[in-house]
Amino acid sequence: MFARNILPTKNFVQQVSLPPVEELQIATLSLSRALIERPSITPNDAGCLNIIENRLTKLGMANERMDFAPVSNLFSSFQSNKPMLAFVGHTDVVPPGDLTSWHTEPFLPIEKNGYLHGRGSVDMKTAVAAMVIALEYFVKLGLKQNVDIGFMLTSDEEGEAVHGIKHVVERLQARGQKVNWALVGEPSSEEKVGDSIKIGRRGSLTASVILKGKQGHVGYPSQIVNPVKQASKLLNKLQHKQWDMPSRFFPATSFQVVKFHCDSGAENISPATAEFVFNMRYSPKQTVEKLQNYIEKKVAKSGLEYQITWKVDAEPFITRRSLIRKVVEQVTSNSVGYKPKLSTAGGTSDGRFLAQMGTQVVEFGLCNKGIHQANEKVLITDLGLLTSMYLKILIQMNGLNA
Ligand SMILES: N[C@@H](CCC[C@H](NC(=O)CCC(=O)O)C(=O)O)C(=O)O
Ligand SMILES: [Zn+2]
Ligand SMILES: [Zn+2]
């Protein structure tokens, strides 16, 4: 249980007669299936947002398409001029990859042994469906809406992520519109729904390095400079370096090589260049400048001519104390009996764009086992559970601001 002083004052959920979880599950499953059968490989939305837009319109929401071709974006709200709680998510999915690794068709939703199978079932069409169903039931309850409820959805989260939520946030900022709290539905849970929520994310930094040597006959080593020798020495150092230690909320900074290329075109010629790309997920103990300076010095030490190109994909962010976090913690512990771990592990998320506009961001969704893998699947019973928790969050957030 929580210490009393961090609990929101009242449990408003207790005062409401909630729909049966089974009913929520059936509705969420049906909408999830409709979304999964659309092959929305990033940045293609494949009609998912139209389905959602139609349902939100029926609830009396004002929908704005903020598309930026080929990306589709939807911003919806009740336009009540009250502080806003926004549900944030994406309809795009990563490509299925090697089809022979799949036991089912990626874009054919199949229910088998208690699981719903299909690309996007984990990440994150089911969570988008759960958000919509939770709001439909919340509206049906007829409670007073003390906060405006918004939806911010995109088809560009898995790809470049440049014309998706970032674009929507820029449009809202340009007209002075604020989002007070954001609930991102990325699959934050580990073993059981609600056992882990994300309260921030590490930064992401990518670099491409080209080391230039001297090509020549492999049988005359004194006449050649093989850049692979320097590249492997350098990578060995960078891959084994302890960049920093984990802190209370952040895992340590990590370094991963994602591409390595050298090819002279023949077996008896050493290559003229070695090229590699690495990605770092960095904690707030680092800065981009610090990492760049360190790595550039090490590359220069190779003694070879080189070229480095940097790309800052994401800055780290964290939401420390916030109402939305308290409410999510309260709802999970009251619903499933355990307090979620507060995490910042995993990839980056669109939460970073909202954090930049001062929004309090929390990510809470289904279990992330199998994310981006072949044979993606979720437990069907988890769908009802997640929807009921989203519904309780809506009830509690609206009560708290009465
Ligand atoms: N390429 C874009 C956006 C990449 C976002 C991606 N995020 C996830 O996979 C989320 C997974 C999770 O919930 O942990 C990533 O981290 O690469 C960019 O780099 O900006
Ligand atoms: Zn995702
Ligand atoms: Zn993803």
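This write-up is about the structure you can find in this document.

Thresholds, definitions, all that
- Residues numbered from 1 in each chain as written.
- Chains lettered and ligands numbered in written order.
- Predicted model: local features only at pLDDT ≥ 70, side-chain atom pairs only at ≥ 80, totals over all residues.
- Heavy atoms only, no water.
- Core = buried A, V, L, I, M, F, W, Y, C linked by side-chain atoms within 4.5 Å.
- Buried < 20%, exposed > 50% of the residue type's maximum accessible area, 1.4 Å probe, protein only.
- Helix = DSSP H or I, 4+ residues; strand = E, 2+ residues; numbered from the N terminus.
- Contact = heavy atoms within 4.5 Å.
- Patch = residues over 30% accessible without salt bridge, like charges linked within 9 Å, V, L, I, M, F, W, Y side chains within 5 Å.
- Areas by Shrake-Rupley, 256 points an atom, 1.4 Å probe, with all protein chains shown as cover.
- Salt bridge = Lys/Arg side-chain N within 4 Å of Asp/Glu carboxyl O.
- Lys, Arg positive; Asp, Glu negative; His and termini not counted.
- Charge placed at Lys NZ, Arg CZ, Asp CG, Glu CD.
- Donors = N, O, S within 2.8 Å, 3.2 Å for Na, K, Ca; no water.
- Tetrahedral: all angles 85-135°; square planar, octahedral: opposite > 155°, others 65-115°.
- Phe/Tyr/Trp six-rings, centres within 6.5 Å; stacked < 30°, edge-to-face > 60°.
- Lys NZ or Arg CZ within 6 Å of the ring centre and 35° of its normal.
- Pairing = 2+ DSSP bridges.
- Axes fitted to C-alpha atoms, helices over the stretch in contact; angles between N-to-C directions.
- Left-handed = near helix turned anticlockwise from the far one by under 90°.
- Nonpolar A, V, L, I, M, F, W, Y, C, P; charged D, E, K, R; others polar.

1. Details of the nonpolar core
Here is step 1 of the chain: One finds Leu 135, Phe 364, Tyr 390 and Ile 393 to be the most contacted residues of the largest nonpolar core, which totals 64 residues.
Here is step 2 of the chain: Those elements that provide at least two residues to this core are helix H1 (21-36), helix H2 (48-58), strand S3 (84-90), helix H3 (125-141), strand S6 (148-154), strand S7 (181-184), helix H7 (323-336) and helix H9 (380-400).
Here is step 3 of the chain: Looking at which element gives the most residues to this core, the answer is H3, with 11 residues.
Here is step 4 of the chain: The contacts of Ile 393, once residues within four sequence positions are left out, are Leu 183, Ile 324, Val 327, Val 328, Val 331 and Phe 364.
Here is step 5 of the chain: Judged by nonpolar contacts, the second largest core, of 22 residues, contains Leu 234, Trp 243, Tyr 282 and Trp 310.

2. A word on a positive patch on the surface
Here is step 1 of the chain: On the surface, a cluster of positive charge is made up of Arg 248, Arg 320, Arg 321, Lys 326 and Lys 339.
Here is step 2 of the chain: Counting through the fold element by element, Arg 320 comes out in the loop between strand S16 (317-318) and H7.

3. Overview of the coordination of the zinc ion (ligand 3)
Here is step 1 of the chain: Around the zinc ion (ligand 3), the donor atoms from the protein are Asp 123 (OD), Glu 158 (OE), Glu 158 (OE) and His 372 (NE2), and they sit 1.9 to 2.6 Å away.
Here is step 2 of the chain: Relative to the metal, the 4 donor atoms surrounding the zinc ion (ligand 3) lie at angles of 55 to 141°, and the coordination shape comes out irregular.
Here is step 3 of the chain: For the zinc ion (ligand 3), the donor residues sit on a single chain with the sequence spacing D-x34-E-x213-H.
Here is step 4 of the chain: Between the zinc ion (ligand 3) and the zinc ion (ligand 2), the interatomic distance is 3.4 Å, and Asp 123 donates to each metal, bridging them. Here the residue Glu 158 occupies a position in the loop between S6 and helix H4 (165-174), and His 372 occupies one in the loop between strand S18 (360-363) and strand S19 (377-379), the gap between them amounting to 214 residues.
Here is step 5 of the chain: Look at Glu 158 and you get buried, because its relative accessible area is 18%.
Here is step 6 of the chain: Residue classification places His 372 among the partly exposed residues on the basis of a relative accessible area of 41%.

4. A look at the packing of aromatic side chains
Here is step 1 of the chain: In the structure shown here, the tally under the stated rule is 9 aromatic pairs.
Here is step 2 of the chain: Aromatic side chains Trp 243 and Phe 255 sit 6.1 Å apart centroid to centroid with 15° between the ring planes, which places their arrangement in the stacked category. Taken together, the residues Trp 243 in the loop between helix H5 (227-240) and strand S12 (254-261) and Phe 255 in strand S12 connect sequence positions 12 residues apart. By the burial criterion, Trp 243 is buried, and Phe 255 matches it.
Here is step 3 of the chain: Taking 5.9 Å as the distance between ring centres and 85° as the angle between the ring planes, the aromatic pair formed by Phe 364 and Tyr 390 counts as edge-to-face. Of this pair, Phe 364 sits in the loop between S18 and S19 while Tyr 390 sits in helix H9, placing them 26 residues apart in sequence. Accessibility assignment for this pair places Phe 364 and Tyr 390 in one class, buried.
Here is step 4 of the chain: A network of ring pairs unites the aromatic residues Trp 243, Phe 255, Phe 260, Phe 276, Phe 278, Tyr 294 and Trp 310 as a single cluster.
Here is step 5 of the chain: The lysine or arginine in question, Lys 241, covers the ring of Trp 243, its NZ or CZ lying 5.4 Å from the ring centre.
Here is step 6 of the chain: Sitting above the plane of the Tyr 115 ring, Lys 377 keeps its charged end 4.3 Å from the centroid.

5. Observations regarding the environment of Val 162
Here is step 1 of the chain: Examined against the element boundaries, Val 162 turns out to sit in the loop between S6 and H4.
Here is step 2 of the chain: Accessibility expressed as a relative area gives 36% for Val 162, which makes it partly exposed.
Here is step 3 of the chain: Considering only alpha carbons, one finds Val 162 and Asp 313, 151 residues apart in sequence, at a separation of 9.7 Å.
Here is step 4 of the chain: The residues contacting Val 162, other than those within four sequence positions of it, are Asp 156 and His 167.

6. Let's talk about the sheet that holds strand S14 (residues 273-282)
Here is step 1 of the chain: The 4 strands lie next to each other as S12-S14-S10-S15, forming an open sheet whose pairing is antiparallel. Of all strands in the sheet, those with a lone pairing partner are S12 and strand S15 (305-314), marking the two edges. Between one strand axis and the next, the sheet turns through 20° on average, direction left out of account.
Here is step 2 of the chain: Sheet topology places S12 next to S14; 7 bridges connect them, and they run antiparallel. Bridge pairing in S14 places Gln 256 opposite Asn 279.
Here is step 3 of the chain: Set on the sheet, H5 makes contact with strand S10 (203-212), S12 and S14; between it and S12 the angle comes to about 160°.
Here is step 4 of the chain: Running over the sheet, helix H6 (residues 288-301) touches S10, S14 and S15 and is turned about 160° from S15.

7. Some words on the packing of H1 against H2
Here is step 1 of the chain: Closest axis-to-axis distance for the H1/H2 pair is 9 Å, and the angle between their directions is 145°. Two packed elements cross with a definite hand, and for H1 against H2 that hand is right-handed. Facing H1, whose interface residues are Leu 31, Ala 34 and Leu 35, H2 presents Cys 48, Ile 51, Ile 52 and Arg 55.
Here is step 2 of the chain: For the contact of H1 with H2, the class distribution of residues is 6 nonpolar, no polar and 1 charged.

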